[in-house]
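Here is what each chain is made of, one letter per residue.
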Amino acid sequence: MTHWRSLEELAGSAEFREALAHEFPPGADEPASGMSRRSFVQLLGASIALSGLGGCLERPRERILPYVSNPPELTPGLAQYYATSMVLGGYATGLLVESHAGRPTKVEGNPDHPASLGAAGVFEQASVLQLYDPHRARRPRRASKELSWPEFTSAVSPAKLRRYVGDRGAGLHFLLEPTSSPFVGDLLVRLRALYPAVGIHFYGPLTSPMLTAAGTMAFGRALQPVYDFRSADVVLALDADFLASMPFHLRYAHDFAERRRITGPSDPMNRLYAAEPVFSPTGSLADHRLRTTGTSISEVAWLVLAELVQNHGLSPEGMPAGMRSLLGTVETDDGRLRWSRAVAADLAAHRGRSVVIAGERQPVEVQVIAHLLNSALGNWGKTVRYIDSPFAAPGNDGGGLGPLMDASAAGQVTTLAVLEGNPCYNAPADLDFSSRFSKLYLTLYLGLYENETAAEAKMFIPALHYLESWGDARAYDGTASLVQPLISPLYGGRTPADVLLAFLGEPDAQVHQQLRQFWQQRVASADFEHFWDTALQRGVLPDTSAPSVTPTLKWNGLDQLLTRSPAGRPPANEPAVELVFLPDPKVYDGTFAGSPWLQELPHPITKLTWDNAAMLSPGTAARIGVGSGDMLLLEADRRTLRVPALIVPGHADDSIALNLGYGRWADGEPVARGVGFNAYRLLPSMRYILPAVSATQALHSGIPRRHDLAVTQTHWAMEGRPLVLQAALEDYRHHPDFTRGDKGRTLSLYEPHKYTGNQWAMVIDQSLCTGCGGCVVACQAENNIPVVGKEGVLNSREMHWLRIDRYFSGPADDPEVVAQPMLCQHCEKAPCEYVCPVSATKHSPDGLNEMVYNRCVGTRFCSNNCPYKVRRFNWFDYNAEVSETEAMAKNPDVTVRARGVMEKCSFCVQRIRASEIEAQIAGHPVRDGQFTTACAQACPTKAIIFGSFADPDSAVAHAAAEPRAYAVLHELGTEPRVRYLARITNPNQALEDQHGV
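Everything quoted here is computed from the prediction, not taken from an experiment. (Residues numbered from 1 in each chain as written. Predicted model: local features only at pLDDT ≥ 70, side-chain atom pairs only at ≥ 80, totals over all residues. Heavy atoms only, no water.)

Q: What is the right way to look at the overall build of the protein chain in this model?
A: The helix and strand inventory of the protein chain stands at 32 helices and 38 strands. Within the protein chain, contacts between residues separated by at least 24 positions form 74% of all contacts whose residues are at least 6 apart in sequence. Of the roughly 40100 Å² of accessible surface on the protein chain, a fraction of 52% belongs to carbon and sulfur atoms. (Helix = DSSP H or I, 4+ residues; strand = E, 2+ residues; numbered from the N terminus. Contact = heavy atoms within 4.5 Å. Areas by Shrake-Rupley, 256 points an atom, 1.4 Å probe, with all protein chains shown as cover.)

Q: What should I look at first to understand the packing of helix H4 (residues 122-131) against helix H26 (residues 774-782) in this one?
A: A pair of packed helices can be characterised by two numbers: the angle between their axes and the separation between those axes. For the pair H4 and H26, interaxial distance at closest approach is 8 Å and the crossing angle is 25 degrees. With respect to H26, the axis of H4 lies roughly parallel. Classified by chirality, the crossing of H26 by H4 is left-handed. Contact residues: Val122, Gln125 and Ala126 in H4; Gly774, Val777 and Ala778 in H26. Grouping the amino acids of the contact of H4 with H26 by side-chain chemistry returns four nonpolar, two polar and no charged. (Axes fitted to C-alpha atoms, helices over the stretch in contact; angles between N-to-C directions. Parallel < 35°, antiparallel > 145°, perpendicular 65-115°, else oblique. Left-handed = near helix turned anticlockwise from the far one by under 90°. Nonpolar A, V, L, I, M, F, W, Y, C, P; charged D, E, K, R; others polar.)

Q: Just checking my understanding: could you explain unusual backbone geometry for this structure?
A: With a phi angle near 60 degrees, Tyr588 is a residue other than glycine that sits in the positive phi range. Residue Tyr588 is classed as buried on the basis of its relative accessible area, which comes to 14%. At Lys607, a position not held by glycine, the phi torsion is positive, near 65 degrees. Among the structural elements, Lys607 can be located in the loop between helix H23 (596-599) and strand E20 (608-609). You can call Lys607 buried: its relative accessible area is 3%. (Buried < 20%, exposed > 50% of the residue type's maximum accessible area, 1.4 Å probe, protein only.)

Q: Can you help me understand the nonpolar core in this one?
A: The nonpolar side chains of soluble globular proteins are, as a tendency, buried together. If you look at the biggest cluster of nonpolar residues, it comprises 195 residues, and the most contacted ones within it are Phe242, Leu634 and Phe907. The element contributing the most residues to this core is helix H11 (residues 297-311), with ten residues. Dropping the residues within four chain positions of it, Phe907 is found in contact with Trp760, Ala761, Met762, Leu823, His826, Leu848, Ile912, Thr933, Phe946 and Val978. Residues Leu172, Val184, Tyr449 and Leu504 belong to the second largest nonpolar core, which totals 49 residues. (Core = buried A, V, L, I, M, F, W, Y, C linked by side-chain atoms within 4.5 Å.)

Q: Sorry if this is basic, but what is going on with the packing of helix H8 (residues 209-219) against helix H14 (residues 364-376) here?
A: Packing of H8 against H14 leaves a shortest axis separation of 8 Å and a crossing angle of 55 degrees. Taken together, the axes of H8 and H14 lie oblique to each other. The two elements H8 and H14 meet at a crossing, and its hand is right-handed. When H8 is examined against H14, the residues Met210, Leu211, Ala213, Ala214, Met217, Ala218 and Phe219 are found in contact with a partner set consisting of Val364, Gln367, Val368 and His371. Looking at the contact of H8 with H14 residue by residue, the classes come out as nine nonpolar, two polar and no charged.

Q: What should I look at first to understand the sheet that holds strand E7 (residues 199-202) in this one?
A: Whether parallel or antiparallel, the strands of a sheet pair through hydrogen bonds between backbone atoms. If you trace the seven strands from one edge of the open sheet to the other, you get E5-E4-E16-E15-E14-E6-E7, paired in mixed fashion. The open sheet has two edge strands, strand E5 (145-146) and E7, and neither has a second partner. With four bridges connecting them, strand E15 (residues 442-447) and strand E16 (residues 459-462) associate as parallel partners. Note that in E16 the partner of Leu446 across the bridge is Ile461. (Pairing = 2+ DSSP bridges.)

Q: Explain the pairing of strand E2 (residues 91-100) here, please?
A: Along any regular strand the residues' side chains alternate between the sheet's two faces. Most of E2 is tucked away, with nine of its ten residues classed as buried. Bridge count for strand E1 (residues 80-88) against E2 is nine bridges, and the pairing is antiparallel. Each bridged residue has a counterpart across the sheet, and for Tyr82 the counterpart in E2 is Val97. Joining the antiparallel neighbours E1 and E2 is a turn of two residues, in which Gly89 adopts a positive phi near 65 degrees. Sheet topology places E2 next to strand E3 (residues 103-109); six bridges connect them, and they run antiparallel. What sits directly across from Ser99, in E3, is Pro104. Taking the residues between adjacent antiparallel strands as the criterion, E2 and E3 are bridged by two residues, where Ala101 takes a positive phi near 50 degrees.

Q: Mind showing me how you'd approach empty space enclosed by the protein here?
A: Gaps between atoms show up when a probe of the same size as a water molecule is rolled over them. Under the criterion given, the structure shown has 13 cavities of 30 Å³ or more. Looking at the largest cavity, its volume works out to about 1000 Å³. Around the largest cavity, the lining is made up of 50 residues, and of these Val87, Glu177, Glu420, Gly421 and Leu464 lie nearest the centre. Those elements that provide at least two residues to the lining of the largest cavity are E1, helix H7 (182-194), helix H16 (423-426), E15, strand E17 (471-474) and helix H19 (496-503). Classifying every residue of the lining of the largest cavity gives 25 nonpolar, 19 polar and six charged. (1 Å grid on protein atoms, 1.4 Å probe; cavity = no way out; pocket = protein on both sides within 12 Å on 5 of 7 lines; lining within 4 Å. Points joined across faces, edges and corners; volume = space filled by probe spheres on them.)

Q: Looking at this structure, I do not really get the packing of aromatic side chains. What am I missing?
A: Per the counting criterion, the structure on display carries 35 aromatic pairs. Where Phe123 meets Tyr588, the ring centres are 5.5 Å apart and the plane angle is 70 degrees; that geometry is what we call edge-to-face. In this pair, Phe123 is assigned in helix H4 and Tyr588 in the loop between strand E19 (576-582) and H23, connecting sequence segments 465 residues apart. For the pair Phe123 and Tyr588, one class covers both residues: buried. When the ring of Tyr164 is compared with that of Tyr441, the centres are 5.7 Å apart and the planes differ by 40 degrees; the resulting orientation is tilted. On the criterion of sequence distance, the pair formed by Tyr164 in helix H6 (residues 158-165) and Tyr441 in the loop between helix H17 (433-438) and E15 is long-range, its members being 277 residues apart. (Phe/Tyr/Trp six-rings, centres within 6.5 Å; stacked < 30°, edge-to-face > 60°.)

Q: What exactly am I supposed to notice about the sheet that holds E3 here?
A: In spatial order, the strands read E1-E2-E3; together these three strands make up an open sheet with antiparallel pairing. Two strands in the sheet have a free side with no partner beyond their single neighbour: E1 and E3. Taking the axes of each pair of neighbouring strands and ignoring which way they run, one obtains an average angle of 40 degrees across the sheet.

Q: In this structure, what is going on with the pattern of salt bridges? I would like to understand it.
A: When charged atoms on two side chains of opposite charge get close, those side chains can pair. By the definition in use, this model includes 43 salt bridges. The partner of Glu506 in a salt bridge is Arg190, and the shortest N-O contact between them spans 2.4 Å. Within this pair, whereas Glu506 is found in the loop between H19 and helix H20 (511-520), its partner Arg190 is found in helix H7, the two being separated by 316 residues in sequence. Taking relative accessible area as the criterion, Arg190 reaches 27% and is therefore assigned partly exposed. Two residues, Arg361 and Asp239, come together in a salt bridge whose shortest N-O distance is 2.5 Å. Within this pair, whereas Arg361 is found in the loop between strand E12 (354-358) and H14, its partner Asp239 is found in the loop between strand E9 (234-238) and helix H9 (249-258), the two being separated by 122 residues in sequence. By the burial criterion, Arg361 is buried, and Asp239 matches it. A single network of salt bridges, built from pairs that share partners, joins Lys106, Glu108, Glu782 and Arg911. (Salt bridge = Lys/Arg side-chain N within 4 Å of Asp/Glu carboxyl O.)

Q: What's the story with the environment of Glu307 in this structure? I'm lost.
A: Within the fold, Glu307 resides in helix H11. For Glu307, a relative accessible area of 2% puts it in the buried group. Remark: the alpha-carbon pair of Glu307 and Leu337, spanning 30 residues in sequence, is separated by 9.4 Å.

Q: What is the right way to read the confidence of the model for the protein chain from this model?
A: The predicted coordinates of low-pLDDT regions are not to be read in fine detail. Of all residues in the protein chain, 88% have pLDDT values of 70 or greater, and the mean over the chain is 86. Note on residues 19-35: pLDDT under 50 across the span, and 14 contacts to partners over four residues away in sequence or across chains. Between residues 37-64, whose pLDDT stays under 50, and residues either more than four places distant or in other chains, the model counts 43 contacts. (pLDDT = per-residue confidence, 0-100.)

Q: Help me out: how do you make sense of the pairing of E16 in this one?
A: Residues Met459 and Ile461 point to one face of E16 and Phe460 and Pro462 to the other, with burial holding for every one of them. Pairing of strand E4 (residues 141-142) with E16 involves two bridges; the strand directions are antiparallel. Bridging across to E16, Arg141 finds its partner in Phe460.

This is the structure we're talking about:
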């Protein structure tokens, strides 16, 4: 039992006097005589610390289990890094995974991999939490009975399976996610050799069939373009979010930023045009953005092509003379024409140094016109090259879900094995996949969770996480990448390769050995052991990128494409709008809906968490009569969906956008269950844009008319204050010091403190930040930051140490938008420090604003006094109910905070101290670039620069010396260590006066 003592008793105790002398030596803050209110609170805080409560809670006790025999490569306390790859949408992204004593804790990009170049996105960062998810499936079963692996392999062995499917495998079908794995592709070829009549199908809800169809239409073969943004002066994005969501987007963002990064007024800069219905991270960086409906993008593309051919004399390669007349004469004089005419002129002026890229959700005709535009502009072989699709195609495959459903309706499917994915949830609504799947004779599902497809399957096998697996895959450019495990399987499980080997009658084959033998047979190397070890260390197989293919346009059949057609819009008097389906920037297609990190990550544009909503423009919302949070009733093809409205400035009129991946209902993923609304209920086959949808207020009785939306932007709103500075490139060249009023020393009564040693600081380039959120999740993973759930977010209690504010400027219907990462500014004269009654927030000798957790008593004075609102108070013990596996994801180098203390960015002080130790052992000072913070390391555009101001040659010192560098809220005199580079745009003068088109 705790013995409570009076304050007088406590003040007279020996241990209190000893603590007082240690914590607050005489004369440090207050006069020796008397006791001020500040001193009283300081003494009270010290007494609480002495009581062992550490703020509000006793630190939980943990058991440490050391190795019985320590591996020779492992030094206790030091992390190991291993290369592997993560496959998403069928393509590989190379990663380096940090491992502590055999458990992976942090994912970084692999600098040697062409798809990441050292960066990592939100899905890669959050995948480590998915590995330790306690809700992952653990039990193989047949119906409700447990099923052992030997029982399963016996049931699907060729000897038994032929009883149902015959010698040729008629009735046996496989459904896989699109895969670029050469090893899996070989297994499928072997499977077809064993069962010649087997059906092999591929489906991913976000793997657009339009890309393949466009390649076939334009070139007669499935070619895909790979873009070189490093060589592009002008870029036209036709509804293409290539900086944040398309395949290869980490590489594309890196290369695009290299041409947008300027170090002074004389530097050149690329120019970006974007035509899109929905504000995207790519659109937010555009120098000129045309907000237009998704169905009108084809008209914009046609207008640009017509301008190039008719007015600039630039035709696609081999275009017959008679086809030029099909384009007609451009006579209309609307906003799209003026915009397209200016864009075409700019592209023509940069022939061979431009890129036209079409988004994956755009129909085939837009994809083909993009190919024609790049041909007319002379970009082929310069900024655009073509390769054969890296996707595995084991010859005569059955295609996608459509042929599979046709075969099922004809009674030609008796056994269906679904290897990963979740088609009972995300298949197009018009296919009714779930109902047909449940009626088949034998159905097998391999999945990470007991999800919607698992609930309908007669046989279920848990899947392995990629961090537990052996495998391979190709990057978007064809580079072969290896997948190697970093931890033994936590819950058991198998890979698609294991299941395919079981169907081949090789149940005891080891995937690792089979994978190794596969590559040994295909690699010409005298020393394969050395080759294999090097490939595992680097994570990639050298010289395996796909060779470029010289395309030839097939003009037969393109005549109808070149004829201008109506935009397909309904008559103006009909109350119909288009519906655009989008990949979700947080949960993808629903694959990551069970990740609390990603559910709580704010949307890059709307800042919505724990939900999806029907995004629409202010004008469309006014016409329908709804506001943000009001329930909408969407109806298309006799299917309906009730979903809340969310008004977004800059959204195209007559267009509604829905993010996919929400509205899950299976019990196996409780985090995802019931979150958001299932847009797949309206998704049609082969289309991502519905041209005519009925949208009305949901006024049915008994149904809530409003839905609470947890939007974070308003929680720490600083609109109306001079936060974001911006200038056009030409203005910057003439007036490079336009930020002079927002930097430099302010008047002060105190002399500046003289520091010695490194002085850590950060510079953030707002010309490069896309607002993607990769830095936010990287910070969360690195610093053990908890989630608070939707209710906590609604109460403004989210715990992110780094947030990305989003600011609109200009008219609501067509504004500009800018993203501003905001974190602790590590002020030289920090307002938080002089109000803390217990000196829990202090300044370090190397310029960090530090938090001493075991001093903090939770007064929150520091948060009240912080003008940047970047300090977070943990109201509850968010780690109290963390499972044993989730605890394995914690970074052991960072304290797991108990309830009742203030948290904030520390500039990843654990990395700073580790680098200092490393440098001391090596006998040299810490070198610039030796390490960086988690946020800077994850950023694909390298918009965040970290280093020491004490080194005048450091990258951060050079960036801070740029003329456009400034400090947020400089006039307050806080002297922050975080500087921002004002946003510079590169507008086309011909479009300067054409806003709102």
